[in-house]
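Structural description and commentary
Letter by letter, the chains look like this.
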Amino acid sequence: MNEAETHLYQREGAYIPRVAAVHDLCGYGKCSLGVAIPVLSAAGCDVCPVPTGLFSSHTAFPGWYMHDTTEILADYLNAWKGIGVEIDAVYSGFLGAPEQVDRIRDLYAMYPNALRVVDPVMADHGKVYPTYTPELCSAMAELACGADILTPNLTEAAIILGEPIGEDWGGTDISDEEAHRLVDALVAKGAKHVVLKGIQREGESCIRNFVGGKDCEAFEAHNEYLPYMLHGTGDLYASCLMAAVMAGRSLQEAVAFAGDFVHDAMLVSAEQPDFKDRGVSFEPLLGKVCELL
């Protein structure tokens with residue numbers, strides 16, 4: 001094992017770790033639990049969903065429907081307590097209401113030794129998602145600061161840090177120095193390890209992710225930039241990162257694996273009809289996740 005590598009989960013023999021996946025369930029558009037469950041399962045994890053909302057499709061489609069599950073979550077998690085469910089990691093993403101952050105804190109209290117992975121899904125390219133109120137953004141920012149692994153894009157990093165964003169702030173063309181400043185600032189606010197996603201500079205043919213933490217050297221990973229946007233790639237990236245970590249791989253290996261997997265899934269997606277609407281197609285590649293074991 002490379003001494004410079006950072007391992008956040010030790011896989012023990014034949015034991016199958018359990019992951020509480022706190023995300024919405026989206027009927028069409030391949031994101032959230034529709035990504036987390038198959039990817040983490042392929043990595044040999046027992047995925048225990050905690051649905052934060054039910055969506056007919058992702059919110060880029062017109063006429064989407066959402067059912068907020070906030071009112072059921074306390075009873076849902078208390079029932080787990082009653083039957084002795086054990087959890088090794090809590091992986092949260094899109095939330096439906098500020099009160100859901102309290103339910104995640106309940107999970108942290110129930111499972112104090114569980115790894116805490118927060119994908120602060122709330123905005124991108126300078127725009128906050130339509131279901132996110134200022135109160136929910138604030139609650140998400142507080143949750144992010146307690147993460148063992150935090151995976152924001154640039155807009156989300158700005159929100160967490162209380163820095164200004166605007167609708168014209170596409171903000172992916174930033175310097176190495178600025179990227180490291182944002183990572184260091186997020187670590188200073190309490191996140192133990194930060195993966196800042198999606199830096200793409202004008203004129204470059206790669207997309208960069210910057211990583212830093214309290215017990216790891218700062219580093220950068222990059223992949224070929226593909227000139228089209230697909231819904232669900234952020235969820236896929238975080239789920240692949242989580243899958244590799246829970247398979248016992250180092251953070252450095254996990255970041256490289258997640259970037260490579262998303263790149264390859266985007267190539268697969270481009271061969272599908274209406275691929276820009278239907279979301280990222282990763283299913284033929286799940287064998288690569290199994291190989292992590």
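Here the residue index of a chain counts from 1 through its sequence in written order. Only residues with pLDDT of 70 or above have their local features reported here, since the model is predicted, and side-chain atom pairs are shown and tallied only from 80 upward, although totals for entire chains, interfaces and linings are computed over all residues. Hydrogens and water molecules were not included; the side-chain quantities draw on all heavy atoms of the structure.

Let's talk about the overall build of the protein chain
Quick reminder of the rule: Helix and strand definitions follow DSSP, with helices as H or I runs of at least four residues and strands as E runs of at least two, each counted in order from the N terminus. We take the radius of gyration over the C-alpha atoms and set the globule estimate at 2.2 Å times the residue count to the 0.38 power. Type-normalised accessible area, obtained with a 1.4 Å probe on protein chains alone, sets the label of each residue: buried when under 20%, exposed when over 50%, and partly exposed for intermediate values. By the convention used here, residues are in contact when the closest approach between their heavy atoms is within 4.5 Å. Per-residue and other accessible areas were derived by the Shrake-Rupley procedure at a 1.4 Å probe size, with only the shown protein chains allowed to occlude residues. Counting rule for charge: Lys and Arg are taken as positive, Asp and Glu as negative, and neither His nor the chain ends is counted. A charge is said to be at NZ when it belongs to Lys, at CZ for Arg, at CG for Asp and at CD for Glu.
When helices and strands are counted, the protein chain shows 10 helices and 11 strands. In terms of overall dimensions, the protein chain is globule-like: its C-alpha atoms have a radius of gyration of 18 Å, near the 19 Å expected for 293 residues. By its C-alpha atoms, the protein chain is 55 × 50 × 40 Å across when sized along the principal axes. With 293 residues in all, the protein chain has 55% of them scored as buried. Expressed as a percentage of contacts within the protein chain between residues at least 6 apart in sequence, the contacts between residues at least 24 apart total 71%. Accessible surface for the protein chain amounts to roughly 12600 Å². Of this, 52% is attributable to carbon and sulfur atoms. Of the side-chain charges in the protein chain, 19 are positive and 42 negative, and the distance between the mean point of each set is 3 Å.

Structural notes on the environment of L54
By secondary structure assignment, the location of L54 is in strand β2 (residues 46-57). As for L54 and M66, which are separated by 12 residues in sequence, their C-alpha atoms are 5.5 Å apart.

Side note on unusual backbone geometry
Even without a glycine there, the phi angle at S32 is positive, about 50°. Residue position: S32 is located in the loop between β1 (18-28) and α1 (33-42). A positive phi angle is found at H125, which is not glycine, with a value near 50°. Summarising the element assignment, H125 is placed in the loop between β6 (123-124) and β7 (127-128).

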